[in-house]
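Close look at the chain arrangement
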Amino acid sequence: AQRVTQPEKLLSVFKGAPVELKCNYSYSGSPELFWYVQYSRQRLQLLLRHISRESIKGFTADLNKGETSFHLKKPFAQEEDSAMYYCALRNSGYSTLTFGKGTMLLVSP
Amino acid sequence: NAGVTQTPKFRVLKTGQSMTLLCAQDMNHEYMYWYRQDPGMGLRLIHYSVGEGTTAKGEVPDGYNVSRLKKQNFLLGLESAAPSQTSVYFCASRTDRGNQPQHFGDGTRLSIL
């Protein structure tokens, strides 16, 4: 069965500190993974996806098939990065997504 | 281009009442989805649709019905609301072409008393 695990409910760091939001997945096929961000009481927005290998707002994520991970990283956290972050796995078939339970990132000044 | 629009934004219901949440998208997307978001549970898929006139069950479909009579609209119905359905409901849509992401609406905050 497909599964996405985000082990941390809350991650609290100081401004300027490095950030790593963990995501592990379970999937038998070739995975497609995404990170979505939700700022306070707003809609979910796509942050990045592994097939694009892009960097958005200073965040990067590398797919590690050996460790079945897709951790989100940023070298220097900013206060405006405070938000809920969801890792998501595209399921086979009709492109539904399986979401992790989310990690709240709090960046303090 | 409004994207994905959900109405209403907020609603309070009494147990046993019925209501319909409307999702409209103006991007000509084939796929549409309804999720619920609960603290500590992330987003869970309720129902989805791969085209006009088609619907399918997601992870947590019980207590909900959906309809996709028009391509641009996806309706979520609660026939007899229960307190356990208190949640924030998000609609999303996606094109069926390529590896494109889902686009989300602003959400509907629903409280069942």
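Up top is the structure.
Right, let's walk through the structure included here. Because the structure is a prediction, the values reported are computed rather than measured.

**Remarks on the pattern of salt bridges**
One pass over the structure, following the stated rule, counts 8 salt bridges over all chains. With a shortest N-O distance of 2.9 Å, Glu30 of chain B and Lys71 of chain B are connected by a salt bridge. Of this pair, Glu30 of chain B sits in the loop between strand S3 (19-25) and strand S4 (31-38) while Lys71 of chain B sits in the loop between strand S7 (65-67) and strand S8 (73-78); the two residues are 41 residues apart in sequence, bridging distant segments of the chain. Bridged by salt links that share partners, the residues Glu20, Lys22 and Lys73 of chain A form one connected network.

**Considerations on the state of the cysteines**
Joining two cysteines, a disulfide is a covalent bond between their sulfur atoms. All names here are of chain A. Within this structure, the stated rule accounts for 2 disulfides over all chains. Between Cys23 and Cys87 runs a disulfide, and the two sulfur atoms are separated by 2.0 Å. Handedness of the Cys23-Cys87 disulfide follows from its S-S torsion of about -65 degrees: it is left-handed. A residue pair is termed long-range when its members are at least 10 positions apart, and Cys23 in the loop between strand S3 (19-21) and strand S4 (24-26) and Cys87 in strand S9 (residues 83-90) qualify at 64 residues.

**What about unusual backbone geometry?**
In this structure, the amide linkage connecting Thr7 of chain B to the following residue, Pro8 of chain B, adopts the cis form with an omega of -5 degrees. If you check the backbone angles, Arg41 of chain A has positive phi at about 55 degrees while not being a glycine. Mapped onto the elements of the fold, Arg41 of chain A is located in the loop between strand S5 (33-38) and strand S6 (45-49).

The rules we used
- Per chain, residue numbering runs from 1 following the sequence as it is written.
- By the order in which they are written, chains take letters starting at A while ligands take numbers starting at 1.
- Reporting in this predicted model follows two pLDDT cut-offs: at least 70 for local features of residues, and 80 or more for side-chain atom pairs to be given and counted; totals over whole chains, interfaces and linings ignore these cut-offs and use all residues.
- Note that water and hydrogens are dropped before the side-chain values are worked out from all heavy atoms of the structure.
- Any carboxyl oxygen of Asp or Glu within 4 Å of a side-chain nitrogen of Lys or Arg constitutes a salt bridge here.
- The way it works is that DSSP assigns letters per residue, a run of H or I at least four long becomes a helix, a run of E at least two long becomes a strand, and they are numbered from the N terminus.
- Criterion for a disulfide: a pair of cysteine sulfur atoms within 2.5 Å.

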